[in-house]
Amino acid sequence: MGIPVFILAGLLVHCVFLVSIFDIYFSSPLVHGMTPQQTPLPPPAKRLVLFVADGLRADSLYELNSNDTPQAPYLRGILENKGSWGISHTRVPTESRPGHVALIAGFYEDVSAVAKGWKENPVEFDSVFNESKYTWSWGSPDILPMFAKGATGDHVYTFCYTAESEDFGAQDAAELDTWVFDHVKSFFNSSRSNQTLFSALNEEKVVLFLHLLGIDTNGHAHRPNSREYKENIKKVDEGVKEIVSMIESFYGNDGKTAFILTSDHGMTDWGSHGAGHPSETLTPLIVWGAGVNYPQKVTSQFFEDNFLKEWKLENLKRLDVNQADIAPLMASLIGVPFPLNSVGTLPLEYLNNSAHFKAESMFTNAVQILEQFKVKMSQKKETTLSFLFTPFKPLSDSEQINFLKKTRLYIQQQKYDEAVSLCKTLINLALEGLSYYHTYDRLFLGLSIAMSFVGWTTYVILVIIKTHTNLTKTVQTKNKESTVFFYGFAFVGMIIAFFLLIQTCPWTYYIYCLLPVPVWYAVVREIPVIQDLAANLLSLHIGQSIGFFLVCTLGIEILVFSFFYRSVLTIGLLVFAGWPVITQLWIQAKTRALIWTLLCVLLAIFPLMPVVGREPNIPLVIATGLLTLLISCFSLTSLCKSKNKYRNNEDLKVHFYQMLSIALSTYVVSSTHDSLKNKQGLPVLNQIISWMTLVSSSVLPLLSPTFLFQRLFSILLSLMSTYLLLSTGYEALFPLVLSGLMFVWINMEQEALQHYGLSLKPKLAIFNFACATDITQFRQLHLDDVRRSYFFVFFIVTAFFGTGNIASVNSFDPASVYCFLTVFSPFMMGGLLLLKVVIPFVLVSCAFEAVQVTTQLSSKSLFLIVLVISDIMALHFFFLVKDYGSWLDIGTSISHYVLVMSLTIFMMLMSGLAQLLTAQRLELPRRTKHHST
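Residues numbered from 1 in each chain as written. Predicted model: local features only at pLDDT ≥ 70, side-chain atom pairs only at ≥ 80, totals over all residues. Heavy atoms only, no water.

Engineer: How would you explain the overall build of the chain if you had to name every residue and give the values?
Structural biologist: Summing up its helical and strand segments, the chain has 34 helices and eight strands in all. Put simply, the chain has 933 residues, and 56% of those count as buried. Accessible area for the chain stands at about 39900 Å²; split by element, carbon and sulfur atoms hold 63% of it. (Helix = DSSP H or I, 4+ residues; strand = E, 2+ residues; numbered from the N terminus. Buried < 20%, exposed > 50% of the residue type's maximum accessible area, 1.4 Å probe, protein only. Areas by Shrake-Rupley, 256 points an atom, 1.4 Å probe, with all protein chains shown as cover.)

Engineer: Could you give an account of the pattern of salt bridges, with specific residues and numbers?
Structural biologist: Pairs may arise between side chains of opposite charge once their charged atoms sit close together. Summed over all chains, the structure comprises 19 salt bridges. Across the pair Glu242 and Lys185 runs a salt bridge, and its minimum N-O distance is 2.5 Å. Here Glu242, found in helix H10 (residues 227-250), pairs with Lys185, found in helix H7 (residues 175-191); they are 57 residues apart in sequence, far enough to count as distant. Assessed through its relative accessible area of 24%, Lys185 is described here as partly exposed. One salt-bridge network, in which partners are shared between bridges, spans Glu749, Asp785, Arg787 and Arg788. (Salt bridge = Lys/Arg side-chain N within 4 Å of Asp/Glu carboxyl O.)

Engineer: Give me unusual backbone geometry: which residues, what numbers.
Structural biologist: Backbone geometry places Lys205, a non-glycine residue, at a positive phi of 55°. Note on placement: Lys205 falls in the loop between helix H8 (195-201) and strand S5 (206-212). Judged by relative accessible area, Lys205 falls into the partly exposed class, the value being 26%. The phi dihedral of Gln414 is positive, around 60°, even though this residue is not glycine. Within the element layout of this structure, Gln414 appears in the loop between helix H15 (397-412) and helix H16 (416-438). You can call Gln414 exposed: its relative accessible area is 57%.

Engineer: Before we move on, can you summarise the sheet that holds strand S2 (residues 84-89) with the specific residues and values?
Structural biologist: Each strand in a sheet pairs with its neighbour through backbone hydrogen bonds, running either in the same direction (parallel) or in the opposite one (antiparallel). Strand order in the open sheet formed by eight strands is S4-S3-S5-S1-S6-S7-S2-S8, with mixed pairing between adjacent strands. Two strands bound the open sheet, and with one partner strand each, they are strand S4 (156-160) and strand S8 (321-322). Pairing geometry for strand S1 (residues 47-53) and strand S6 (residues 257-262), over six bridges, is parallel. The residue of S6 that forms the bridge with Val49 is Phe259. Sheet strands in contact with helix H3 (residues 73-81) are S2, S6 and strand S7 (282-289), and its direction is about 65° off that of S7. (Pairing = 2+ DSSP bridges. Contact = heavy atoms within 4.5 Å. Axes fitted to C-alpha atoms, helices over the stretch in contact; angles between N-to-C directions.)

Engineer: Describe the packing of aromatic side chains, and please don't skip the residues or the numbers.
Structural biologist: Two descriptors summarise a pair of aromatic rings, namely the distance from one centre to the other and the angle between the planes of the rings. Counting across every chain of the model gives 60 aromatic pairs. Plain terms: the ring middles of Phe107 and Phe125 are 5.4 Å apart, the flat faces sit at 75° to each other, and that makes the pair edge-to-face. Of this pair, Phe107 sits in the loop between helix H4 (96-105) and helix H5 (128-131) while Phe125 sits in the loop between H4 and H5; the two residues are 18 residues apart in sequence, bridging distant segments of the chain. Here Phe107 and Phe125 have matching classes, each one buried. Between the aromatic rings of Phe307 and Trp311, the centroid separation amounts to 4.7 Å while the plane-to-plane angle is 0°, which identifies the pairing as stacked. Of the two residues, Phe307 and Trp311 both sit in helix H12 (residues 307-311), four residues apart, roughly one turn of that helix. Grouping residues by exposure puts Phe307 and Trp311 together as buried. Linked through ring pairs, Tyr134, Trp136, Trp138, Tyr157, Phe159, Phe187, Phe188, Phe198, Phe250 and Tyr251 together constitute an aromatic cluster. Taking NZ or CZ as reference, Arg91 lies 3.9 Å from the ring centre of Tyr108, over its face. (Phe/Tyr/Trp six-rings, centres within 6.5 Å; stacked < 30°, edge-to-face > 60°. Lys NZ or Arg CZ within 6 Å of the ring centre and 35° of its normal.)

Engineer: How would you sum up the nonpolar core? Please name residues and give values.
Structural biologist: Ranked by internal contacts, the top residues of the largest apolar core, which has 143 residues, are Phe576, Trp596, Trp745, Phe795, Met873 and Tyr897. Per element, the largest residue contribution to this core is 15 residues, and it comes from helix H32 (residues 826-854). Beyond its immediate stretch of four places on either side in the chain, Phe576 contacts Trp596, Cys600, Tyr790, Phe791, Phe794 and Phe795. Formed by 68 residues, the second largest nonpolar core is a distinct cluster that contains Ala45, Val156, Ile334 and Met377. (Core = buried A, V, L, I, M, F, W, Y, C linked by side-chain atoms within 4.5 Å.)

Engineer: So what about the confidence of the model for the chain? Which residues, and what values?
Structural biologist: Detailed reading of the predicted coordinates is not advisable wherever pLDDT falls low. On average, residues of the chain carry a pLDDT of 84, and 88% of them reach 70 or more. Ranking the elements of the chain by mean pLDDT puts helix H34 (residues 887-919) last with 72 and S6 first with 98. Here residues 115-119 is a poorly scored stretch, pLDDT under 50, and it has 17 contacts once near neighbours within four places are set aside; other chains count. Low pLDDT (under 50) marks residues 927-933, which in the prediction has four contacts with non-local residues, meaning those over four places away or in another chain. (pLDDT = per-residue confidence, 0-100.)

Engineer: Describe the environment of Leu282, listing the residues and the values that go with them.
Structural biologist: With respect to the helices and strands, the residue Leu282 is situated in strand S7. Given a relative accessible area of 13%, Leu282 falls into the buried group. Sequence separation between Leu282 and Gly266 is 16 residues; the distance between their C-alpha atoms is 6.3 Å. Look past the residues within four positions of Leu282 in its chain and what remains in contact with it is Arg57, Ala58, Ile87, Ser88, His89 and Phe307.

Engineer: Before we move on, could you go through a nonpolar patch on the surface and cite the residues and values that matter?
Structural biologist: A cluster of nonpolar side chains, Phe387, Leu388, Phe491, Ile495, Phe498, Phe499 and Ile502, forms an exposed patch at the surface whose accessible area comes to about 730 Å². Accessibility expressed as a relative area gives 39% for Leu388, which makes it partly exposed. (Patch = residues over 30% accessible without salt bridge, like charges linked within 9 Å, V, L, I, M, F, W, Y side chains within 5 Å.)

Engineer: Any chance you could break down the pairing of S6 for me, citing the residues and the numbers?
Structural biologist: The buried fraction of S6 amounts to six of the six residues, a majority that puts the element mostly inside the structure. Burial of the side chains of S6 extends over both faces: Thr257, Phe259 and Leu261 are buried on one face and Ala258, Ile260 and Thr262 on the other.

Engineer: Kindly report on helix H25 (residues 590-605), identifying the contributing residues and their values.
Structural biologist: Between its first and last C-alpha atoms H25 spans 23 Å; for 16 residues at 1.5 Å apiece the expected length is 22 Å, and the two agree. Of all the positions in H25, only Ala593, Trp596, Leu599, Cys600, Leu603 and Ala604 are classed as buried. Buried residues of H25 fall within an arc of 140° about the axis and therefore sit on the same side. Along H25, exposed side chains directed more than 90 degrees from the buried face belong to Lys590, Thr591, Leu594 and Leu598. (Expected span 1.5 Å × (residues − 1). Arc of directions from axis to C-beta.)

Engineer: Please set out the packing of helix H30 (residues 734-755) against H32 residue by residue, giving values where relevant.
Structural biologist: Contact geometry of H30 with H32 gives a least axis separation of 10 Å together with a crossing angle of 15°. Comparing the axis directions of H30 and H32 gives the class roughly parallel. Here the hand of the crossing between H30 and H32 comes out right-handed. Contacts between H30 and H32 involve Phe734, Pro735, Leu738, Ser739, Met742, Trp745, Ile746, Glu749, Gln750 and Leu753 from the former and Pro840, Leu843, Val844, Ala847, Phe848, Ala850, Val851 and Thr854 from the latter. Here the residues of the contact of H30 with H32 are counted per class, giving 14 nonpolar, three polar and one charged. (Parallel < 35°, antiparallel > 145°, perpendicular 65-115°, else oblique. Left-handed = near helix turned anticlockwise from the far one by under 90°. Nonpolar A, V, L, I, M, F, W, Y, C, P; charged D, E, K, R; others polar.)

Engineer: Give me the lowdown on the packing of helix H27 (residues 650-677) against helix H29 (residues 708-725), citing residues and values where you can.
Structural biologist: One can describe the packing of H27 onto H29 by two numbers: an axis separation of 8 Å at closest approach and a directional angle of 15°. As the angle between them shows, H27 and H29 are arranged roughly parallel. Read as a crossing pair, H27 and H29 show a hand that is left-handed. Side by side, H27 and H29 meet where His655, Gln658, Ser661, Ile662, Ser665, Thr666, Val668 and Val669 of the first sit next to Phe713, Ser714, Leu717, Ser718, Met720, Ser721, Leu724 and Leu725 of the second. Looking at the contact of H27 with H29 residue by residue, the classes come out as eight nonpolar, eight polar and no charged.

In structure tokens, the structure reads:
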């Protein structure tokens, strides 16, 4: 197999592995074609007002101030005297879109929505707004349009401010909420002179939705414990009070309005959200008005958390719900059909109504979820051969009929409590059944992918052994045998395809199930290599072989564990620190070995530090900028001393520009954060400098000389200027320490080569990347090269997790991008945060490129070993992917697998980028001509 074909095959196989988990674990749970279900009895409310305070934490609303006064006096009064309250438990990802979908449509958003930045509808869905007669909504352009877009007909109206208003650096984000309150007031005032609007507002089944984004924006900009966040809660409290009294008087206090105040998600103490920390998943829920229970006094109630005591609410019954339960509650209050895809269970304790109404509502809820189960079951039945189909036993057709009959009978006999408990059992079974059919093909697809994984890894190992080592004699497979193999595998492939065809499976199933066939065919074709290898291994000392495999296994397990516990990286780096001593390298290079040990210990401190963004430390970022300048001054003086290598001053100019760039970045970080602190927004000049630095940092290294250390130092300076702009704390030091270690690593690898007597290289100082690709000098692989590749993978993982668990969404701090932009833009911010992650990655890749070139190895051979290591890790994570348990576990398990898979794909791209950055040089047009000798 030629190199281009191999790379293409590798990319394709890895793309299939990567995409497969979304098909296997995270395909959309939504089904269509159900009949709407509605409670037959008259509803208690004619209209519903929904306030969603975006990013409001439960504790921020309920806790008392230091002087025992409530944060939100009006809402505190409501829950003490007028309504019911509790905590709404949200699910990961704790983002605005999934939160609103759960609240208003009653189901938890599937992962496919992330590709749309949580803004567009990946799958059409039904919502309470769609089922209402009219819905008027005010608020953010990110949230409102998606519910209007999915609605049938023209009865969901939206009033939004501009996207530019959502500015984290603005004077006060609470203005966003004031905008909403003012527009609602003027809307009601205008209806008095508009007869059509007036009569529409007086209809039944009307919803008014106020989306209040100020709290979320202030939380991102100033953190939830800030004065701004708390002031914003007060403003919302006052605004809600004014709107409620205005609506009550508009309708002549008819007692037919229900009010709900809740939040889509919370926020961490460091101002981010997205993951599953309790501060993000616990949101407040206060319900009052028509059809809602009054506060229920209790003497004691038990919850695992200690919030009730902290909030001084021990004597008022706390009614907790899942976020999706709020949709059926809203539907039941105003008497509209439950949203078709809702999986929420109606929280009966919030309702102040007859037992008959509660039982009927619960029955409607159960039938609506059962409808989804039936559709899901019939879909699965159609695409499975009858003799292979195993139905969900607890809800067979007869069981369903039995449940429904029994419940109807209980309601007729007025045994309402029994009817309700039966409905709850049915709901739980139907949800279990939905999950059963949703994951029906998982085991079979998972095994197919696992077989492909093992086959591919085996094939890569065989390729390494065959082409880059002296372990095997090159023997060609006999033609006769290979023809038999070919037809055998082709026959197996046809049988698999035939089976999939009869069952009318989706096209992706063909890819997952047929992939093992060519992969294993490629392995089987290399049988002579396997036989040679077996003979060679048997001739080795058995203890050595076992020892080698144990060390390899331990190394890979350490890498896998480091994804869960960052401190494992510290242990690994401390072991690395002792490497020169273990291998006796320190005897021939004492100074280098000492510096290596020191830098390993220094780098080992980073994984023990708290995740980036928790405590911003701008002075430290500025100090790092100054330290980088100091180091580059030393470098500059050493360049000036060695003048004989330079025919002109162009190289010094480039070096000087890079130093200027570092100085500017340091200034911009300092002045931007001061400006934002004083609420003056992001200065335009700073923004221009930041973007120019970002653009120039990719070009400047290409203008520097291609001598090994000069080019690598130039890459460090350029990337460092961008990294400073994206730093908020101690992480600014990370690329400096990492690069220091990389420089020493390149030197140490030279010592290792000489130690094993593999090569005697000229001095590294005069080594030139541009003249490095002499194929005749490439050598075969040695066992030590496995260690070399392992070092690279370990450093790459350290570059990822050294400053935080980037596998979790909430470890990203939006403050990192404030030098570039402060207006909310998920893709732009995501891109910049990704760049911040990539910078240490590029530094390690360039160092690895230098190691390959200076140790006379073809990049392909070392890269293949790296591929094997990362694929074995990926197989681990494939089996660790979860779609159950806490949502933090689920989110982490997906991101780990995606990280390792994209790491492999990414390393292929990085390898190319590193070659470009190290070996290419752009020549600037020069005024004077020089004759090169």
